[in-house]
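The lines below spell out each chain.
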Amino acid sequence: MVVKVTEATFEQEVLKSEFPVLLDCYADWCGPCKMMSPVVDKMAEVFAGRLKVCKLNVDEDGAAVMQYNVMSIPNFLFFKNGEVVKNMVGGMAPAAFQAAIEEALA
């Protein structure tokens, strides 16, 4: 299950999560974001119980990620214990995306 995050829920859902978090920073108008959306949804299933997957619309709630220098989208931030441990920008092949998640979880 993918959790929609807003500025109001960012701290609780992402920073205070008991699980590592994959945060998908996206916008509705972004082509590569649309391309990655089903891949992100699939990763939520693949890593269920090991990883919390969240999405944040930068047009609606961009202030929540301003401190993380999100300049381009899609931008994928991996959080562990409230800290960013990996930052990836752009679309990628599902296998490469899954491998990057595995690496971040290691």
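As a reminder, the structure under discussion sits directly above these lines.
Novice: Explain the overall build of the protein chain to me, using residue names and the numbers behind them.
Specialist: Summing up its helical and strand segments, the protein chain has 4 helices and 5 strands in all. Counted from the first residue to the last, the protein chain has its helices and strands arranged as β-α-β-α-β-α-β-β-α. Here the C-alpha radius of gyration of the protein chain, 12 Å, is about what a compact globule of 106 residues would show, namely 13 Å. The buried share of the protein chain, reckoned over its 106 residues, is 46%. Total accessible area computed for the protein chain in this model is approximately 5600 Å², and 54% of it derives from carbon and sulfur atoms. Charge-centre separation for the protein chain: the mean point of 9 positive side chains lies 5 Å from the mean point of 14 negative side chains.

Novice: Break down helix α4 (residues 94-105) for me, citing the residues and quoting the values.
Specialist: Between its first and last C-alpha, α4 extends 17 Å over 12 residues, near the 16 Å set by a 1.5 Å rise per residue. Within α4, burial applies to Phe97, Ala100, Ile101, Ala104 and Leu105. Relative to the axis of α4, the buried residues are bounded by an arc of 135 degrees and lie together on one face. Those residues of α4 that are exposed and angled more than 90 degrees off the buried face are Ala95 and Glu103. The inward-facing, buried residues of α4 abut β2 (21-26), α2 (31-46), β4 (75-80) and β5 (83-89).

Novice: I'd like to hear about the state of the cysteines, residue by residue, with values.
Specialist: A complete count under the given rule lists 1 disulfide for this structure. Between cysteine 30 and cysteine 33 runs a disulfide, and the two sulfur atoms are separated by 2.5 Å. Where cysteine 30 bonds to cysteine 33 through sulfur, the torsion about that S-S bond is close to 75 degrees, and the disulfide is right-handed. We classify cysteine 30 as buried; its relative accessible area is 3%. Among the residues examined, cysteine 33 registers a relative accessible area of 3% and is labelled buried. The thiol sulfur of cysteine 25 is not disulfide-bonded, and the nearest other cysteine sulfur, from cysteine 33, lies at 9.3 Å. This cysteine, cysteine 54, is not joined by any disulfide, and cysteine 25 carries the nearest cysteine sulfur, 10 Å off.

How each quantity is defined
- Along each chain, residue indices are assigned from 1 in the same order as the chain's sequence is written.
- Local features in this predicted model are restricted to residues of pLDDT 70 or higher, and side-chain atom pairs are both shown and tallied only at a pLDDT of 80 or more, whereas totals for entire chains, interfaces and linings draw on every residue.
- Side-chain figures throughout are based on the complete set of non-hydrogen atoms in the structure, without hydrogens or water.
- A helix here means a DSSP run of H or I that spans at least four residues, while a strand means a run of E at least two residues long, and both kinds are numbered starting from the N terminus.
- The globule rule used for comparison is 2.2 Å times the number of residues to the exponent 0.38, while the radius of gyration itself is calculated over C-alpha atoms.
- Think of it in three bands: with a 1.4 Å probe and only protein chains considered, a residue is buried below 20% of the maximum accessible area for its type, exposed above 50%, and partly exposed in between.
- Only the protein chains shown count as cover for residues, and all accessible areas are computed by the Shrake-Rupley method using a 1.4 Å probe.
- Only four residue types enter the charge count: Lys and Arg as positive, Asp and Glu as negative, with His and the chain ends excluded.
- Charge positions come from single atoms, namely NZ of Lys, CZ of Arg, CG of Asp or CD of Glu.
- By this rule the span expected of a helix is its residue count minus one, scaled by 1.5 Å.
- Arc definition: it is the arc formed by the directions from the helix axis to the C-beta atoms.
- Should any heavy atoms of two residues lie within 4.5 Å, those residues are considered in contact.
- Pairs of cysteine sulfur atoms within 2.5 Å are identified as disulfides in what follows.

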